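# Structural overview for review
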Protein chains: 2
Amino acid sequence: MNDRFLKACRREPVDCTPVWFMRQAGRYMQEYQAIRAKHSILDVCKTPELAAQVTLQPIDRFPLDAAIIFADILLPLEPMGLSLTFTEGEGPVIKNPVRDRAAVERLKSIDGDELRYVEEAIIQARKALTGKVPLIGFAGAPFTLASYAIEGGSSRNFITTKQFMYREPEAWHKLMDKLARVVTGYLRRQIRAGAQAVQLFDSWVGCLSPGDYAEYVLPHVQLIFEGLKRENVPTIHFGTGTSGLLSLMKKAGGTVIGVDWRVHMDEAWAGVGHDVAVQGNLDPVVLFAPLHEIERRVEDILRRAAGRPGHIFNLGHGILPNTPVENVAATAELVHKLSQR
Amino acid sequence: MNDRFLKACRREPVDCTPVWFMRQAGRYMQEYQAIRAKHSILDVCKTPELAAQVTLQPIDRFPLDAAIIFADILLPLEPMGLSLTFTEGEGPVIKNPVRDRAAVERLKSIDGDELRYVEEAIIQARKALTGKVPLIGFAGAPFTLASYAIEGGSSRNFITTKQFMYREPEAWHKLMDKLARVVTGYLRRQIRAGAQAVQLFDSWVGCLSPGDYAEYVLPHVQLIFEGLKRENVPTIHFGTGTSGLLSLMKKAGGTVIGVDWRVHMDEAWAGVGHDVAVQGNLDPVVLFAPLHEIERRVEDILRRAAGRPGHIFNLGHGILPNTPVENVAATAELVHKLSQR
């Protein structure tokens, strides 16, 4: 098996820097679009054969060092009692958002059996991968899940979420605790089904001040990483816009800290400390650039990571729709070529 | 005259920390809404009597230490040849966005006379202020202006802007240079009309990696601050999401660096160096919180600023619509009360 990715997660030396891309299975690929022409996102997620098939698509095409199970971070909200739909172009919509303490109380503390289809997809994807590369499981982090649950969809300024947090701190902590427990159980089940590492996506947590993060988010994320320790697999703690939060995120947990492009990799790694691995940090929009511009930026990131064991190359966020497929391939190849030890 | 603000800009000791709020004249005030019920944003901007009147509204109501002229950062784009309209709720729309080199060439290098109405508003606002507090002038920074010019409006991921930057670097630099020269002249005219300090709003520059900022933005911003030096007024360099860019922004210029809430004030100030003043950094959404929560956060910011000369209290971005007016008043009072020397 190609175990570069798992070795780097454990900060062990590797022959070259491992690379995978968030949302590497996605709309930018024709193979993916062909599946989505016939099935909704939720259908693909809930049909293990399809989810496994989509998971493998980028692995069959690009020299990536890890697969990530195809799923959506919002899946757990549905069995918890929220009505989840995806509208074309608009993203997720929750018709009965959480707006008060009573709504928090009504949320079901599911044990994860309702998401059994994700475990099944993991089992099938592992089988189809035949050990070629490791498989990553994932879940949304409590803050990011709470933001969708409260806003009822995507948000720009997270005003409703923060208002809830400031005005109803008890209900907020209750909500975060419920989400943290569901996420812990869900990730544990993914690991037991065969996920060889897991990533916690706190995609929108960068909207918070460090003080608010420490008070309203950190303890709940800590619960998750503590709860996963005995599973003994690498855990990746990811967010965007987190340049001022990275050391707090490290404190919250994770054996790998995700870094977005808004901070230099060397500064970020020095900031969180070299006793933890890092993942990142190319701007996803760079994949639209001419190849020589991509190469300059890949080189810069590798130079800043300085060949230190514990760097996993990735984007700072997911691959965007309309990203040229050939640039995804070229970037993965460049990472390997330019980081040969 | 209350000169706390100007003293703090120069890092001179003050009796208590000066405070003003970005977008302190805005939709959250009934007085403002009454004007806007009868006049569009552009009408208010272009009618010096109205612009001066709106500028004074928050000064008459709250214990603020500076006024900022009412205007819009996009005003210079109109005489440069772009069609600017504001749609209700949607924000600004530019019907003929800049998408290629030819469009950059077509942009007019205006000398600022076309924006004479802003100077007139400054003259009238200064007169109406009768020396009560200083008046700040402002302009959008080249990157932020370019992002509107290229995207044709607001953007979430700035994909079109960055693609232009990566694919047409020469045209990009030409565009940035044109904008930088227009902005320099425009700010110089504002100062000569009576603005006692100026703020450069690079509101969206935080979407860039530090490497891209250094290459595609910094030299153009540097041109502006260099060009304003002989005017001998404080210059504030503002952006959001800039935790990883602050030291580069300082290098680009400004006697005061704006800091948003996504980084602790003490870390930000130490990062840029104590040889520059700082402005910030309360999350605008905190103004929706109960008063005791606002107080805790104001206290924290003041504690982190440590009474060091050179701190101007502000939000990390503009006041949001629907912000409770009484909380704006209370916050300004709290800043003064809690920072008494």
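Residues numbered from 1 in each chain as written. Chains lettered and ligands numbered in written order. Predicted model: local features only at pLDDT ≥ 70, side-chain atom pairs only at ≥ 80, totals over all residues.

## Let's talk about the overall build of chain A
Counting secondary structure elements, chain A contains 15 helices and 9 strands. Its C-alpha radius of gyration of 19 Å places chain A within 12% of the 20 Å reference for a compact globule of 341 residues. On the principal axes, the C-alpha backbone points of chain A span a range of 55 × 45 × 40 Å. Per-residue burial for chain A yields a buried fraction of 55% across its 341 residues. Across chain A, every contact between residues at least 6 apart in sequence was considered, and the portion connecting residues at least 24 apart equals 73%. (Helix = DSSP H or I, 4+ residues; strand = E, 2+ residues; numbered from the N terminus. Rg over C-alpha atoms; globule rule 2.2 N^0.38 Å. Buried ≥ 20, exposed ≤ 12 C-beta atoms within 10 Å, placed from the backbone. Contact = placed C-beta atoms within 7 Å.)

## Brief notes about the sheet that holds strand E5 (residues 197-202) of chain B
Whether parallel or antiparallel, the strands of a sheet pair through hydrogen bonds between backbone atoms. Residues and elements named next belong to chain B. As summarised here, the arrangement of the 7 strands in space is E1-E4-E5-E6-E7-E8-E9, forming an open sheet in which the pairing is parallel. At either margin of the open sheet sits one strand with a lone partner, and together these are strand E1 (67-68) and strand E9 (311-315). In this structure, strand E7 (residues 256-258) lies alongside strand E8 (residues 277-282), joined through 3 bridges in parallel fashion. Opposite Val-256, over in E8, you have Ala-277 as the bridge partner. Packed on one face of the sheet, helix H9 (residues 169-193) meets strand E4 (135-140) and E5 and runs near 170° to E4. (Pairing = 2+ DSSP bridges. Axes fitted to C-alpha atoms, helices over the stretch in contact; angles between N-to-C directions.)

## Here's the deal with helix H4 (residues 48-61) of chain B
Three or four residues apart is the spacing at which side chains of an α-helix point the same way, because the helix has 3.6 residues per turn. Residues and elements named next belong to chain B. A rise of 1.5 Å per residue sets the reference length of H4, with its 14 residues, at 20 Å; its end C-alpha atoms lie 21 Å apart and thus fit the reference within 8%. Burial of H4 is extensive: 10 of the 14 residues sit out of reach of the surface. The complete set of buried residues in H4 reads Pro-48, Ala-51, Ala-52, Gln-53, Val-54, Thr-55, Leu-56, Gln-57, Pro-58 and Ile-59. As for H4, its buried residues are in contact with helix H2 (30-36), helix H3 (41-46), E1 and helix H6 (116-129). (Expected span 1.5 Å × (residues − 1).)

## Focus: the environment of Thr47(B)
All names here are of chain B. Structurally, Thr-47 can be placed in the loop between H3 and H4. Judged by local crowding, Thr-47 falls into the partly exposed class, with 17 C-beta atoms found within 10 Å. Each C-alpha atom of the pair Thr-47 and Val-118 lies 8.6 Å from the other, and the pair is 71 residues apart in sequence.

## Focus on the relation of the copies chain B and chain A
Mapping chain B onto chain A leaves a residual RMSD of 0.0 Å; the transformation is a rotation of 180° accompanied by 0.0 Å of translation along its axis. In symmetry terms, the pair is related by a two-fold rotation axis. Identified as the residue of chain B closest to the rotation axis by C-alpha distance is Ser243(B), at 2.8 Å. A shared interface surface links the copies, since 100% of the contact residues of chain B are contact residues in chain A too. (Least-squares fit on C-alpha atoms with pLDDT ≥ 70 in both.)

## Overview of the interface of chain B and chain A
Contacts between chain B and chain A engage 27 residues on the former and 27 residues on the latter. For the side of chain B that touches chain A, the elements supplying multiple residues, two or more each, are helix H8 (159-167), helix H10 (210-216) and helix H14 (291-305) of chain B. With 5 residues, the top contributor of residues to the side of chain B that touches chain A is H8(B). In terms of residue class, the side of chain B that touches chain A is built from 11 nonpolar, 9 polar and 7 charged. (Nonpolar A, V, L, I, M, F, W, Y, C, P; charged D, E, K, R; others polar.)

## Brief notes about the sheet that holds strand E6 (residues 235-239) of chain A
Residue and element names in this part refer to chain A. The sheet built from 7 strands is open, its strands ordered E1-E4-E5-E6-E7-E8-E9 with parallel pairing. In the strand order of this sheet, the two ends are held by strand E1 (67-68) and strand E9 (311-315), each with one partner. Looking at chain direction, E1 and strand E4 (residues 135-140) are connected through 2 bridges and run parallel. Counted as the bridge partner of Ile-68 is Ile-136 from E4.

## Structural notes on the environment of Trp20(A)
Residues and elements named next belong to chain A. With respect to the element layout, Trp-20 can be found in the loop between helix H1 (4-9) and helix H2 (30-36). Overall, Trp-20 belongs to the buried group, with 24 C-beta atoms counted inside 10 Å. The spatial distance from the C-alpha of Trp-20 to the C-alpha of Asp-72 is 18 Å, given a sequence separation of 52 residues. With near-sequence residues (within four places) excluded, Trp-20 lies in contact with Phe-5, Leu-64, Asp-65, Ala-66, Ile-68 and Asn-314.

## Quick look at the confidence of the model for chain A
The pLDDT averaged across chain A works out to 97; a share of 100% of its residues lies at or above 70. With pTM at 0.97, the complex prediction returns an ipTM value of 0.96. (pLDDT = per-residue confidence, 0-100.)

## Regarding the nonpolar core
Nonpolar side chains in soluble globular proteins tend to end up buried together. Among the nonpolar cores identified, the biggest contains 240 residues, and Ala67(A), Ile69(A), Ile136(A), Ala67(B), Ile69(B) and Ile136(B) are the most heavily contacted of them. The contacts of Ile69(A), once residues within four sequence positions are left out, are Ala51(A), Thr55(A), Val118(A), Ala121(A), Ile122(A), Ala125(A), Leu135(A), Ile136(A), Gly137(A) and Ala195(A). (Core = buried A, V, L, I, M, F, W, Y, C linked by C-beta atoms within 7 Å.)

## Things to note about helix H9 (residues 169-193) of chain A
Along its 25 residues, H9(A) runs 36 Å from first to last C-alpha, staying within 8% of the 36 Å computed at 1.5 Å per residue. A positive backbone phi angle near 135° is found at Gly194(A), which sits one or two residues after H9(A).

## So, the pairing of E4(B)
Side-chain direction in a regular strand flips from residue to residue, so the side chains alternate between the two faces of the sheet. All names here are of chain B. Buried residues dominate E4, accounting for 6 of its 6 residues. Here E4 shows two buried faces, one formed by Leu-135, Gly-137 and Ala-139 and the other by Ile-136, Phe-138 and Gly-140. As defined by bridge partners, E4 adjoins E5 across 5 bridges and the pair is classed as parallel. Its bridge partner lying in E5, Gly-137 is registered against Val-198.

## Some thoughts on unusual backbone geometry
The omega torsion across Gly280(A) and Asn281(A) is -5°, close enough to zero to call that bond cis. In this structure, Asn281(A) sits in strand E8 (residues 277-282). Its identity is not glycine, yet Phe158(B) carries a phi of approximately 55°, on the positive side. Inspection of the secondary structure puts Phe158(B) in the loop between helix H7 (142-151) and H8. With a phi close to 60°, Asn232(B) is a non-glycine residue in the positive phi region. Note on placement: Asn232(B) falls in the loop between helix H11 (218-228) and strand E6 (235-239). Residue Asn232(B) is classed as exposed on the basis of its 7 C-beta neighbours within 10 Å.

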